[in-house]
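What the coordinates show
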Amino acid sequence: MRLHRLELTAFGPYPKREQVDFDALGADGLFLLHGDTGAGKTTLLDAVAFALFGTVPGARGEVKKLRCDYAAGDVVTEVTLELTVQGRRLKLVRSPEYDRPKKRGDGFTKQQAKASLTWLSGWEGEGLTRIDEVARTVEQLLGMTAVQFFQVVLLPQGEFARFLRADTAEREKLLEKLFGTERFLDVENWFREHRQSLGRALEQRRQVNRGFISRVAEAAGEEPPEDIGDEEWLSSVLKRLGETKRDTELRAQEAADLRNAVDATLAEARAEAERVRRVRAARQALAQCEELEPQRRTWIAQREAARRALAVVAAHQAVGRLRASLDLAVTRASAAARAVASSGYDGSDLREDASRLREEAGGLNQLAAEAEQQKIDQRRIAELEQERERVQLLIGRLTEELSGLPERIRGLREQLTAGDQAAGRLDGLRARCEELRLRAADADQLPVLAAAVTTAEDALRSAIDRHQTAREELQAVRQRRLDGMAAELAGRLAAGEGCPVCGSVEHPTPAVTVTDAVSEADEQRAGAAEQRAQTARTEAERALLHARAQHDQVRDRLGGREDGEIHRALAESDEECRLAAELAEQNAVYLVELEKFERHCEELTTRRGDAEQKLVAARTELSTLTETVAARIQRLDAARGEHTDVLARRTHLLALASALTELADRRQSVQECRQRLDEQIAVAAEAAAEVGFPSVEAALQAALTEAELSELDSNITRCDNARAAAESVLAEPELAEVDADADVDLDGISERARQAHAEAEQAASALHAVRQANQRVGELAARLRAAWAESGPVEAEFAELDALTDVINGRGQNRNKMSLRSYVLAARLEEVAVAASRRLERMSQGRYSFVHSDEAGARGTRGGLSLDVLDDYSGRRRPAKTLSGGESFLASLSLALGLADVVAGETGGALLDTLFVDEGFGTLDADTLDLVMNTLDDLRAGGRVVGLVSHVEELRQRIPTRLRVRKARTGSTLELSVG
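In short, a report on the structure. Values in this document were obtained by computation on a predicted structure and should not be read as measured data.

Helix and strand content of the chain: 25 helices and 16 strands. Within the chain, the fraction of its 979 residues that count as buried is 36%. For the chain, the exposed area adds up to about 56600 Å²; of that, 50% sits on carbon and sulfur atoms.

Here it is in structure tokens:
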């Protein structure tokens, strides 16, 4: 993978578009990224990571705030990266999710994240625009995840320094992220979960077995064994139950025989006692019937008399009902007479007078309808008068409200015209203000630029003087060396070797070294000083040209205008622009108000017209109704007579007619009731004489109720049935010789039978319980043996799985206490240690190398991830925590580079042609720094590009290609320096 170009806009601290040309930076294979603290050096690395994976490393990725706070609202936050991966050149464009100002109104709206991938060369497929497809394609091309990329390409030394000093658990977390050993963790988890699942299944089986054993013991009436039980225990339980069953069966048979014998004796005794009881009861019943015979004859006579009186009682009841009807008719006739008398009626022919009154009331129907209409018209007149007053008040109020609206509308139209004119001039005024503001800034900057020109001129003169001095010094040194060249050559002569000038092997008079002789090293130092002075002079000349160009540009833009004149024009233009903007802003308000007042004026005019029409209609209707009511009053007054109105008189006539008719009907009903009562009294007397009673009263005395008659019939029937039943019992042949006074000992025999039954039931219950226990225990024993047979293979399988799971998870027979995942990570860490040791040995001049150990830790802790340092000076291993700050940097850098090589080979991804090393150089001395730089030279020798992120000043002198990040209040900018 090689990076070509990076563009970022409104990203991190960069408010505007910034571009990084990695091809120019990496031309020499090594470049330096430097700048002030907080300027945004690491943000460039974040931008690369974001373009590739849509996220940034470390805690900065958790905040998810990537947009620049200094960027303008309409500037889109975007990162563009061009790179080549596996021979394919592509361009990635990403935008994060952020809140941007709304285009209309206040507040913010969410800008959704976007991503696109475009193929530039090496591939002819279509581009991608879905975020998930872009991420998947990038990971496939690079062959690594975002976490691996952050560790392999962006090498943060601080994290690897912590990795050196970390314990096993912390080191394991980092290695898991890099080497993707989740599948081995899944294997460990699978074994643990499978063991737990099988353990739960086995425990369930054991619980079932223990339940069977408890149920067997309970059914057998024994205590369950303390252990899980076995076949011997079960056999002994079954044997004891069989013996108990045989003994119980014998006892139950003996008790049953005794019970049957006693039951036969008891049955015979009960039959004899029953015969004696029947004879004794029959004789007692005949004696009672003889005593009740006189009473029986009396009951028969009463029953016959009551049956003859039934017809007289019915006739007498009809007389009572007719007498009650007569009393009710008399009461109603009296009430009707009082009602007629209260109305003042003094006539005699009730029905004829009632007919006459109804005819008179009928003649008032028409006038009654007019009376009803008269009331309605009078109410309507009152409503019309109120309506007329209300409408007159409304017309006055509307007229008053309309009087001031035309003047207000004319004023608003004039203000709208002024606002339109101001809005037309506003763009020109703003452009003039912006131009004057730029010129004012130029006027303020001109003295500063003039001072900068003076300073640059002074610096150039000083640089020229220093360069001239260094050049003269170099010439003097060279001259002195030429002068002492013979002595220098003589110093190299050796006996028996030829002279480099004449070739002679004899040196009779070699030149003698003078006091101020100059060596080659002195000449090189003087040449280097002259070169530095030349570079400084060139830089000073370049700075002077730049300062003069800036000063001339600003002076040309001012066009000879003075500072005060520009600021006065700017103030006047700002004020004019402000007034025009205020007028333009008020235009919308005036337009709304004008539309509102115009609508209001139109509405008031319409309402006043409607009110005037209502007033005319009300006046017309009021005049017509007044005339009609006055004419109707004369007719109604003549017809009402003494009453309040015609309706009252009509109601009085109808009520009196109804009362007269009701009184006539009541009097006729009284006469009819008297006639029917006299007839029914005669019928009752005839009925009493026909059935042999001297009077109706005598018949009523002999009468009985239905209940009394029923009781007499029951008494008579009961006496007859008792005599017949007793005579029937005594006539039975089997009772002919039975002695009624005989005594049978039934209680003693019953007690003996009860005891025999109790003993037989107890024996039978015991036998039933023993048989059920035998059956239940037999069934449970069969199920228990089947459960033991099924649990055996599961017990063996769990034992094997338990031991294997302990080994895989670093316990049990695992001597090194290493889990499967730790074992894999240990192998990867051993590869990293080998790769890192090659670089560490070179940078430490052969003193240090990494040593990996898979031994278990102290107090049984897990092993496999121990990483120490072998010190060649002492020949002993030492913990990485004992290294100094500079040594720790060398170790962590070596570890990071070694890890990059191993991960790149592990993932099988693209060749990593671009690496970034972040900070840590400040802890190195000059010689160690040389060794580190040589190691980095090895990296770029294979075609790689290495970017160093550092504050160290010496690196700026060593690395000519630099990318500087400048920090300012308005955000950061980039500056490229090559050569």
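Moving on from the coordinates now.
To continue, consider the pattern of salt bridges. The full count for this structure, using the stated rule, is 28 salt bridges. R548 is the salt-bridge partner of E457, the closest N and O atoms lying 3.1 Å from each other. Of this pair, E457 sits in helix α14 (residues 405-483) while R548 is found in helix α16 (residues 520-558), placing the two residues 91 residues apart along the sequence. According to the relative accessible area criterion, E457 is partly exposed, its value standing at 25%.

Spatially, the three strands line up as an open sheet ordered β10-β11-β12, and their pairing is antiparallel. In the strand order of this sheet, the two ends are held by β10 (848-853) and β12 (876-878), each with one partner. Each adjacent strand pair in this sheet contributes to an overall mean axis angle of 40°, direction not counted. Sheet topology places β10 next to strand β11 (residues 866-871); six bridges connect them, and they run antiparallel. Within β11, the position partnered with V851 by the bridge is D868. In the packing of helix α22 (residues 820-843) onto the sheet, contacts are made with β10 and β11, and the angle to β10 comes to roughly 170°.

Attention now goes to the environment of K881. Considering the arrangement of structural elements, one finds K881 in the loop between β12 and α23 (885-907). K881 sits in the exposed class, given a relative accessible area of 58%. On a C-alpha basis, the gap between K881 and V869 in space is 9.5 Å, while along the polypeptide they are 12 residues apart.

It is worth spelling out the pairing of β11 at this point. The two faces of a sheet get side chains in turn, since along a regular strand they alternate between them. Side chains L867, V869 and D871 project from β11 onto a buried face, and the interleaved S866, D868 and L870 project onto a face without burial. Of the pairings in the sheet, the one linking β11 to β12 comprises three bridges and is antiparallel in character. When the bridges of β12 are listed, L870 appears paired with R877.

If you check helix α4 (residues 131-142), its first and last C-alpha atoms are 17 Å apart, about what 12 residues at 1.5 Å a residue would give, namely 16 Å. Restricting attention to buried positions, one finds in α4 the residues V134, T137, V138, L141 and L142. End-on view of α4: buried residues confined to an arc of 120°, all on one side of the axis. A positive phi of about 75° marks G143, the residue just after α4.

Attention now goes to the nonpolar core. In a soluble, globular protein the nonpolar side chains are often hidden away together inside. If you look at the biggest cluster of nonpolar residues, it comprises 45 residues, and the most contacted ones within it are L6, F22, L44, L52, L83 and L142. For this core, the leading source of residues is helix α2 (residues 41-53), giving eight residues.

Let's shift gears to the pairing of strand β4 (residues 78-85). The buried count for β4 comes to six of eight residues, which makes it a mostly enclosed element. Across seven bridges, the pairing between strand β1 (residues 2-9) and β4 is antiparallel. In the sheet register, R2 faces β4, and the bridge partner there is T84. As defined by bridge partners, β4 adjoins strand β5 (residues 88-95) across seven bridges and the pair is classed as antiparallel. Within β5, the residue paired with V79 across the bridge is R94. Joining the antiparallel neighbours β4 and β5 is a turn of two residues, in which Q86 adopts a positive phi near 50°.

For helix α20 (residues 706-730), which comprises 25 residues, the first-to-last C-alpha distance of 37 Å matches the rise-based estimate of 36 Å (1.5 Å per residue) to within 8%. Every buried residue of α20 is accounted for by L709, L712, N715, I716, C719, A726 and V729. Looking at the buried residues of α20, the elements they touch are α9 (231-291) and α10 (293-308).

Where α9 meets α20, the axes come as close as 8 Å, and the angle between the chain directions of the two elements is 145°. Where α9 crosses over α20, the handedness of that crossing is left-handed. On α20, the residues that touch R278, V279, A282, R283, A285, L286, C289 and E290 of α9 are C719, A722, R723, A726, E727, V729 and L730. Of the residues belonging to the contact of α9 with α20, the class tally is 10 nonpolar, no polar and five charged.

Think of a pair of aromatic rings as described by two things: how far the centres are apart, and how the planes are tilted against each other in angle. Tallying each qualifying case throughout the model produces four aromatic pairs. Judged by centre distance (5.8 Å) and plane angle (40°), the ring pair of F11 and F50 falls under tilted. Of this pair, F11 sits in the loop between β1 and β2 (18-21) while F50 sits in helix α2, and the two are 39 residues apart along the sequence. Accessibility assignment for this pair places F11 and F50 in one class, buried. Ring centres of W119 and W123 lie 5.9 Å apart, and the angle between their planes is 55°; this geometry places the pair in the tilted category. When its relative accessible area of 14% is taken as the criterion, W119 is described as buried. Assessed through its relative accessible area of 41%, W123 is described here as partly exposed.

The pairing of strands in a sheet comes from backbone hydrogen bonds and takes either a parallel or an antiparallel form. Across the sheet, five strands lie side by side as β2-β1-β4-β5-β8; this open sheet has antiparallel pairing. Strands with a single pairing partner mark the edges of an open sheet, and in this sheet they are β2 and β8 (114-121). For this sheet, the mean angle separating the axes of adjacent strands, direction not counted, is 10°. In this sheet, β8 lies alongside β5 in antiparallel orientation, the contact comprising seven bridges. Each residue of the ladder has a partner; that of R89, found in β8, is S121. Across the sheet, α4 is in contact with β4, β5 and β8; its angle to β8 comes to roughly 45°.

The next thing to look at is the environment of A657. Positionally, A657 belongs in helix α18 (residues 646-690). A657 sits 305 residues away from E352 along the chain, and the two C-alpha atoms are 9.6 Å apart. Residue contacts for A657: discarding those within four places in its chain leaves A354, L357 and R358.

The phi torsion of most residues other than glycine is negative, and most of the peptide bonds are trans. Positive phi, close to 55°, is recorded for A10, a residue that is not glycine. With respect to the secondary-structure elements, A10 resides in the loop between β1 and β2. When its relative accessible area of 0% is taken as the criterion, A10 is described as buried.

Let's shift gears to the environment of F916. Within the secondary structure, F916 is located in strand β13 (residues 914-918). Judged by relative accessible area, F916 falls into the buried class, the value being 4%. Distance from F916 to L30, taken between C-alpha atoms, is 10.0 Å for residues 886 residues apart in sequence.

For S837, the position within the fold is in helix α22. Given the relative accessible area of 8%, S837 is considered buried. At 2.6 Å, the side chain of S837 and the backbone oxygen of A833 are in polar contact.

Another point: the state of the cysteines. Counted by the stated rule, this structure contains zero disulfides. C577 takes part in no disulfide bond, and the closest cysteine sulfur, belonging to C433, lies 4.4 Å away. Among the residues examined, C577 registers a relative accessible area of 12% and is labelled buried.

Another point: a negative patch on the surface. A cluster of like negative charges, contributed by E400, E401, E602 and E603, occupies part of the molecular surface. When residues of the negative patch are traced back to their parent elements, those giving at least two are α13 (365-402) and α17 (563-640). By the secondary structure assignment, E400 is in helix α13.

Quick look at the side chain of S849 now. Relative to the elements of secondary structure, S849 occurs in strand β10. Sequence-distant contacts of S849, defined by excluding residues within four places in its chain, comprise S837, L840, E841, D868, V869 and L870.

Definitions and cut-offs
Residues numbered from 1 in each chain as written. Predicted model: local features only at pLDDT ≥ 70, side-chain atom pairs only at ≥ 80, totals over all residues. Heavy atoms only, no water. Helix = DSSP H or I, 4+ residues; strand = E, 2+ residues; numbered from the N terminus. Buried < 20%, exposed > 50% of the residue type's maximum accessible area, 1.4 Å probe, protein only. Areas by Shrake-Rupley, 256 points an atom, 1.4 Å probe, with all protein chains shown as cover. Salt bridge = Lys/Arg side-chain N within 4 Å of Asp/Glu carboxyl O. Pairing = 2+ DSSP bridges. Axes fitted to C-alpha atoms, helices over the stretch in contact; angles between N-to-C directions. Contact = heavy atoms within 4.5 Å. Expected span 1.5 Å × (residues − 1). Arc of directions from axis to C-beta. Core = buried A, V, L, I, M, F, W, Y, C linked by side-chain atoms within 4.5 Å. Left-handed = near helix turned anticlockwise from the far one by under 90°. Nonpolar A, V, L, I, M, F, W, Y, C, P; charged D, E, K, R; others polar. Phe/Tyr/Trp six-rings, centres within 6.5 Å; stacked < 30°, edge-to-face > 60°. Polar contact = N/O pair within 3.5 Å; in protein donor to acceptor, adjacent residues only side chain to side chain. Disulfide = S-S within 2.5 Å. Patch = residues over 30% accessible without salt bridge, like charges linked within 9 Å, V, L, I, M, F, W, Y side chains within 5 Å. Lys, Arg positive; Asp, Glu negative; His and termini not counted. Charge placed at Lys NZ, Arg CZ, Asp CG, Glu CD.

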